[in-house]
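Chain by chain, the residues:
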Amino acid sequence: MAQTGTPKLGSKHMAKWMFAAFLLMTAMLASMSWLSVKTGFMVQEDSREMVERHIPELETIGFLQRALSNRVNQLYLYYATTERQAYLSGSRLEDDKIDHNIDHLIKLGISDQDALALRTTLTKMQLHADRFDREMTRPDSDWDRLREHLSDAQSAAIDAQGQLDLWQASIRMITMQDSESALTEVDRLAQLLSGFTIAIVVVSLFVLVALYSRLKDRDQLFRFAFYDSLTGLPNRRSLEDALQQTQQEGESGALVLLKLERYPLITGTYGHAFGGEVIQHIGKWIQEKLRVSPCDAILYRYSDDTWAVQLTCSNEPEHLKQLACSLATMSNDPFCIGDRLLNLSVKIGITRYPQDGSDSDRLMRNADAAIHALVAPGRIYRFYDAELTARTQRWLATESALRNALSDDEFELFYQAKVTANGAQVAGAEALIRWRRNGELVSPGEFIPVAEQSGLIMPLGNWVLNEACRQLAQWQARGITGCPVAVNVSAQQFQDSSFPQLVADTVAHHCIHPGLLELEITEEVAASDPQRVVDTMKELKASGVTIAMDDFGTGYSSLSYLKRLPIDTLKIDRAFVSNLDKVQDNAAIVDMILALAHQGGLKVVAEGVETEAEYRVLQSKRCDLVQGFLFSRPEPAAQFTLKLCQSAEPAGLQEAQ
Ligand code: C2E
Ligand code: CA
Ligand code: CA
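Residues numbered from 1 in each chain as written. Chains lettered and ligands numbered in written order. Predicted model: local features only at pLDDT ≥ 70, side-chain atom pairs only at ≥ 80, totals over all residues. Heavy atoms only, no water.

A. Focus on the packing of aromatic side chains. Going through the model one piece at a time under the given rule, you end up with 15 aromatic pairs. Centre to centre, the rings of Trp285 and Phe335 are 6.0 Å apart; their planes meet at 65 degrees, and the pair counts as edge-to-face. Of the two residues, Trp285 sits in helix H7 (residues 272–291) while Phe335 sits in strand E4 (residues 335–337), which places them 50 residues apart along the sequence. Comparing Trp285 with Phe335 shows no difference in burial state: the two are buried. Over the face of the ring belonging to Tyr227 we find Arg223, whose NZ or CZ atom lies 4.4 Å from the ring centre. (Phe/Tyr/Trp six-rings, centres within 6.5 Å; stacked < 30°, edge-to-face > 60°. Helix = DSSP H or I, 4+ residues; strand = E, 2+ residues; numbered from the N terminus. Buried < 20%, exposed > 50% of the residue type's maximum accessible area, 1.4 Å probe, protein only. Lys NZ or Arg CZ within 6 Å of the ring centre and 35° of its normal.)

Given below as structure tokens:
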């Protein structure tokens, strides 16, 4: 949760920044557009004046100037050629041009005053031209006068030209100013544009980086949510989604769950880091197996020690069996992980859809139930079937009946003798719980797992402890003191921090000698957290009770770890005792356990001795105590007490001899 919390906070923060950047960018774009439009209008204003007025004005002035000089030239031509007709038609043409251009200038906006001044000068020129014409038409033209009129007309034309030059100069100046201001505006616009462009590039870069990191965060969140960080495989949530999708699409397929056996034992013995390596190793191994499978298969990490395979192309039982058999080959060869060789095995539960169920939860429960139903030794895979549902229902019924059994006083302790290997004398007993349900005895194998899973094992375990101590106190009161009693302790009890105190209190409450109480703890229980296990055991031993390691040999306890534990007794599991006289391997293991235990000063009890032959081998190997049907089955307290009382020494279960 902590891992996924951090990117969530980061992305919130990032979203704020991105929103601010977006606002900034929008504001910048808006002001840039506003400034560009405003500057554009100003430039347009300046240019329009120039294009629509000043340039046509200059052009018209040019025409006017040319017409004026043509007009004067007409006079000189007339003077030189005396051809009046040509003069009259030419001068009329130029006069029309002059009039037309003046009218145009007025239209373009020349002030009335300026127009009047020009017209006055031109009228003056016209007057002198008319005088010149009249003089020319007289038969006795006076050449001096003619020259005078000609010169006056030219002077008037020069005046008009001067006026026009002045206008031209002033218009040019205005045009220059306008174009300069337009250029300045354009420059300003260019600067603004480049400034804004840089700013936008910077902001865009920021937004880009922010977006990228946000996408990365999202990607990471997605990975956290849907992928397993240790193996990189899709996780249980991904599986749920995939199953849901196939259900919606009405597809058929199968779900195969693979549960690694004794994983807590591996992590407890070798640590979690090594456990992680094992998980990675097995994940790759399964993937290899799936690669060569003819079916489309997706591998998921389902939980700590469980993988799920979703088969999408077939749910034919034959295919599924083949796949299960191929996966079951895991136990064929030991795995070399780090510098250790491990024998690993899986239990496989298979459920098919849509026939076994359609929703993801149901399918996962089915496959889980199939795994849990694999109790028979040697069976590695199991298909889900309706019988399992009935079994689950029975399990639930047992759980509900168990809840009342304690208050209804339906439990009883049976005692099974442990006898000395040399003389077969009773040297102790193991207390084994029985449930008298509806008049029938139920064996612990049926209800202890239910009690463990439902949490009822705690009150049940306390009851056993109390009942065993009560029995010891009763024997003590009757003078029977040579029969210590061993009580089985479940993992949950042992892991409860108040357990050592509870044991001490119970022993004190019944005023029994603490040495008469032995606690049997399985290897699996002892494997969880090595330091804590050692501390709890030391605490327990401080109250005077003894500790036995039950079912020894079935787990992975390393010998070095075992040496750290303050235990008094090793109980060799029945699996190694059975056929001890026939199976060489078992004999070798028993030899090794005995040597190790005796070296460490531990007592050894061999469990499940059923035949004389097994007993004789154990005797020859100098095993300390033996327990099994050969000597005695677990019996009710009264019967066992009778046996203890009858035996003076106490012991010698003659019927077993
Ligand atoms: P365990 O602690 O290994 O107990 C020995 C089991 O082996 C007993 O089964 C006993 O009846 C059986 N047994 C003894 N000698 C022989 C033999 O020669 N051959 C065969 N085939 N079996 C033999 P039981 O009483 O059914 O108990 C089964 C398991 O239930 C125990 O295994 C123990 O793990 C658990 N259990 C029993 N009582 C308690 C209890 O009070 N608390 C807890 N937590 N577990 C208990
Ligand atoms: Ca036991
Ligand atoms: Ca045992």
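Past the structure itself, the notes keep going.
B. Seen up close, the coordination of the calcium ion (ligand 3). Those donors, Asp550 (OD), Asp551 (OD), Glu607 (OE) and Glu607 (OE), are the protein atoms that reach the calcium ion (ligand 3), and they lie 2.2 to 2.4 Å from it. Between the two metals, the calcium ion (ligand 3) and the calcium ion (ligand 2), the spacing is 3.8 Å, and Asp550 donates to both. Classification of Asp551 as partly exposed rests on a relative accessible area of 24%. (Donors = N, O, S within 2.8 Å, 3.2 Å for Na, K, Ca; no water.)

C. Representation of the coordination of the calcium ion (ligand 2) in the model. Distances from the calcium ion (ligand 2) to its protein donors, Glu430 (OE), Asn488 (OD1), Glu520 (OE) and Asp550 (OD), fall within 2.1 to 2.3 Å. Positions of the donor residues of the calcium ion (ligand 2) along the chain correspond to the pattern E-x57-N-x31-E-x29-D.

D. The pattern of salt bridges, seen in detail. If you walk through the whole model with that rule in mind, you get 35 salt bridges. Linking Arg84 and Asp133 is a salt bridge whose minimum nitrogen-to-oxygen distance equals 2.8 Å. Linking Arg84 in helix H2 (residues 84–108) with Asp133 in helix H3 (residues 112–137), this pair joins segments that are 49 residues apart in sequence. As a salt-bridge pair, Glu387 and Arg382 come within 3.9 Å of each other at their nearest N and O atoms. One network of salt bridges, with partners in common, ties together Lys418, Glu430, Glu518, Glu520, Lys571 and Glu607. (Salt bridge = Lys/Arg side-chain N within 4 Å of Asp/Glu carboxyl O.)

E. Structural context of the site of ligand 1. Around ligand 1, a shell composed of 20 residues is seen, among which Gln416, Arg434, Asn488, Glu610 and Phe629 lie nearest. Take Gln416: an N or O atom from its side chain is 3.0 Å from a nitrogen atom of ligand 1. One nitrogen or oxygen atom from the side chain of Glu430 is found 3.1 Å from an oxygen atom belonging to ligand 1. In the complex, 80% of the free accessible area of ligand 1, which totals 790 Å², lies under the protein chains. Among the elements of the structure, strand E9 (426–437), helix H11 (444–454) and strand E13 (546–552) are those that each provide at least two residues to the shell around ligand 1. (Near = heavy atom within 4 Å. Polar contact = N/O pair within 3.5 Å; in protein donor to acceptor, adjacent residues only side chain to side chain. Areas by Shrake-Rupley, 256 points an atom, 1.4 Å probe, with all protein chains shown as cover.)

F. Highlighting the sheet that holds strand E1 (residues 253–260). Strand order across the open sheet formed by 5 strands is E2-E3-E1-E6-E7, with mixed pairing between neighbours. Of all the strands in the sheet, just strand E2 (297–303) and strand E7 (381–383) have a single pairing partner and so form its edges. Strand after strand, the sheet turns through a mean of 20 degrees between neighbouring axes, direction not considered. Sheet analysis places E1 next to strand E6 (residues 346–353), joined by 8 bridges and oriented antiparallel. Bridging across to E6, Lys259 finds its partner in Lys347. (Pairing = 2+ DSSP bridges. Axes fitted to C-alpha atoms, helices over the stretch in contact; angles between N-to-C directions.)

G. Main features of the packing of H2 against H3. As a packed pair, H2 and H3 sit with axes 12 Å apart at the nearest point and diverge in direction by 175 degrees. The pairing of H2 with H3 is recorded here as roughly antiparallel in orientation. Within the contact between the two elements, H2 uses Arg84, Tyr87, Leu88, Asp95, Ile98, Asp99, Ile102, Asp103 and Ile106 and H3 uses Ala115, Leu118, Arg119, Leu122, Gln126, Ala129, Asp133 and Thr137. Residue composition of the contact of H2 with H3, by class: 9 nonpolar, 2 polar and 6 charged. (Parallel < 35°, antiparallel > 145°, perpendicular 65-115°, else oblique. Contact = heavy atoms within 4.5 Å. Nonpolar A, V, L, I, M, F, W, Y, C, P; charged D, E, K, R; others polar.)

H. Structural detail: the domain arrangement of the chain. As assigned here, the chain comprises domain 1 (18–226), domain 2 (236–384) and domain 3 (413–430 + 462–646). Computed from C-alpha coordinates alone, the two centres of domain 1 and domain 3 are separated by 118 Å. (Domains from an automatic or database assignment.)

I. How the structure looks around helix H14 (residues 499–509). Within the sequence span of H14, burial applies to Phe499, Pro500, Val503, Thr506 and Val507. Buried residues along H14 cover an arc of 130 degrees about the axis, so they all sit on one side. Turned more than 90 degrees away from the buried face of H14, the exposed residues are Ala508 and His509. (Arc of directions from axis to C-beta.)

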